[in-house]
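# Residue-level structural notes
Here is what each chain is made of, one letter per residue.
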Amino acid sequence: MNIAFDPARLQQLKSDAHENIESYSDPKQPKALSNYTAQMKAVLQADPSMLKSLPEYLPVALFGRIKFSDDAKKQWSLWLKTNVIPSWDDFKVSVAFNNDDLNLVKAVRAYDQNLLIEACAVLFLLTHDNVKPSKVKDTDEQYNEEDDDGDRNYAHDDYEGRGDEDGRTHDDEYDEISFN
């Protein structure tokens, strides 16, 4: 039996995460977002139960820090269009986490695996605006297409493999992870 995504919840989390990201994206303070997310990661790693009341914090903390291969993008599009939450085995090979985030990822998985999967679904929606979860009969009224900002490319630098200040490319920071 497949567990379903809640499309209204995903859209709300996407909207909330987007607002947080935008509020810390300041050209005058280019490190504001990364400083904020670094603090958030430390707090969430220490106490992942905060996600129960603030689930939008995880997508914000991981924003720009995970990658989806071309094959995984197709699979995520299908999962979201059909509202099917992937099994753990399918999920763990569909997302590449930044090595620096593995302790946070493992802590969240130990707390609630579905919150981690849901956060990655939100990140996929933020970075690939052309995908929208299917509307479910009961949530049609809650689904608001105006929440989608099709003009913005949220995938900026981290998906292009560009180097950062220390000369490493972002691709150098990712590795296969093992949750066994």
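Basis of the calculations
- Residues numbered from 1 in each chain as written.
- Predicted model: local features only at pLDDT ≥ 70, side-chain atom pairs only at ≥ 80, totals over all residues.
- Heavy atoms only, no water.
- Salt bridge = Lys/Arg side-chain N within 4 Å of Asp/Glu carboxyl O.
- Helix = DSSP H or I, 4+ residues; strand = E, 2+ residues; numbered from the N terminus.
- Buried < 20%, exposed > 50% of the residue type's maximum accessible area, 1.4 Å probe, protein only.
- Core = buried A, V, L, I, M, F, W, Y, C linked by side-chain atoms within 4.5 Å.
- Contact = heavy atoms within 4.5 Å.
- Phe/Tyr/Trp six-rings, centres within 6.5 Å; stacked < 30°, edge-to-face > 60°.
- Polar contact = N/O pair within 3.5 Å; in protein donor to acceptor, adjacent residues only side chain to side chain.
- Axes fitted to C-alpha atoms, helices over the stretch in contact; angles between N-to-C directions.
- Parallel < 35°, antiparallel > 145°, perpendicular 65-115°, else oblique.
- Left-handed = near helix turned anticlockwise from the far one by under 90°.
- Nonpolar A, V, L, I, M, F, W, Y, C, P; charged D, E, K, R; others polar.

## With respect to the pattern of salt bridges
- According to the stated counting rule, one finds 6 salt bridges in the structure shown.
- With a shortest N-O distance of 3.9 Å, Asp-100 and Arg-65 are connected by a salt bridge. Residue Asp-100 is located in the loop between β2 (96–97) and α6 (102–127), and its partner Arg-65 is located in the loop between α3 (57–62) and β1 (66–67); the two are separated by 35 residues in the primary sequence.
- A salt bridge links Asp-89 to Lys-92; the nearest nitrogen and oxygen atoms lie 3.8 Å apart. Highlighted residues: Asp-89 and Lys-92, both in helix α5 (residues 88–92), separated by 3 residues, approximately one helical turn.
- The exposed category is assigned to Asp-89, whose relative accessible area is 52%.
- Relative accessible area serves as the criterion here: at 23%, Lys-92 is assigned to the partly exposed category.
- One continuous salt-bridge network, built from bridges that share partners, spans Lys-41, Arg-65, Asp-100 and Asp-101.

## Re the nonpolar core
- Membership of the largest hydrophobic core comes to 41 residues, with the highest contact counts inside it found for Phe-5, Leu-58, Trp-76, Phe-91, Phe-97 and Leu-116.
- Where this core is concerned, the elements lending two or more residues are α1 (7–23), α2 (32–46), α3, α4 (70–82), α5 and α6.
- Counting residues per element, this core draws most heavily on α6, which supplies 15 residues.
- Filtering out sequence-adjacent residues up to four positions away, Leu-116 remains in contact with Leu-58, Leu-62, Trp-88, Phe-91, Phe-97, Val-105, Val-108 and Arg-109.

## Focus on the packing of aromatic side chains
- Overall, the coordinates contain 8 aromatic pairs when judged by the stated rule.
- Geometrically, the ring pair formed by Tyr-24 and Tyr-36 is stacked, given 3.8 Å between the ring centres and 10° between the ring planes. Of the two residues, Tyr-24 is situated in the loop between α1 and α2 and Tyr-36 in helix α2; the sequence distance between them amounts to 12 residues.
- Relative to Phe-91, the ring of Trp-76 lies with its centre 6.1 Å away and its plane at 85°, an arrangement referred to as edge-to-face. Within this pair, whereas Trp-76 is found in helix α4, its partner Phe-91 is found in helix α5, the two being separated by 15 residues in sequence.
- Residue Phe-91 is classed as buried on the basis of its relative accessible area, which comes to 0%.

## Thoughts on the side chain of His-128
- Residue position: His-128 is located in the segment after α6.
- Residue His-128 is classed as buried on the basis of its relative accessible area, which comes to 16%.
- A distance of 2.8 Å separates polar atoms of two side chains, one belonging to His-128 and the other to Thr-127.
- Beyond its immediate stretch of four places on either side in the chain, His-128 contacts Phe-68 and Lys-73.

## Digging into the packing of α2 against α6
- In the contact formed by α2 and α6, the axes pass within 9 Å of each other and the chain directions differ by 40°. Considered as vectors, α2 and α6 are oriented oblique to each other. Considering the relative orientation of α2 and α6, their crossing is left-handed. The segment α2 lies against α6, with Lys-41, Leu-44 and Gln-45 engaging Asn-103, Leu-104 and Ala-107.
- When grouped by side-chain class, the residues that make up the contact of α2 with α6 number 3 nonpolar, 2 polar and 1 charged.

Spatial relationships are all this shows, so hold off on functional conclusions.
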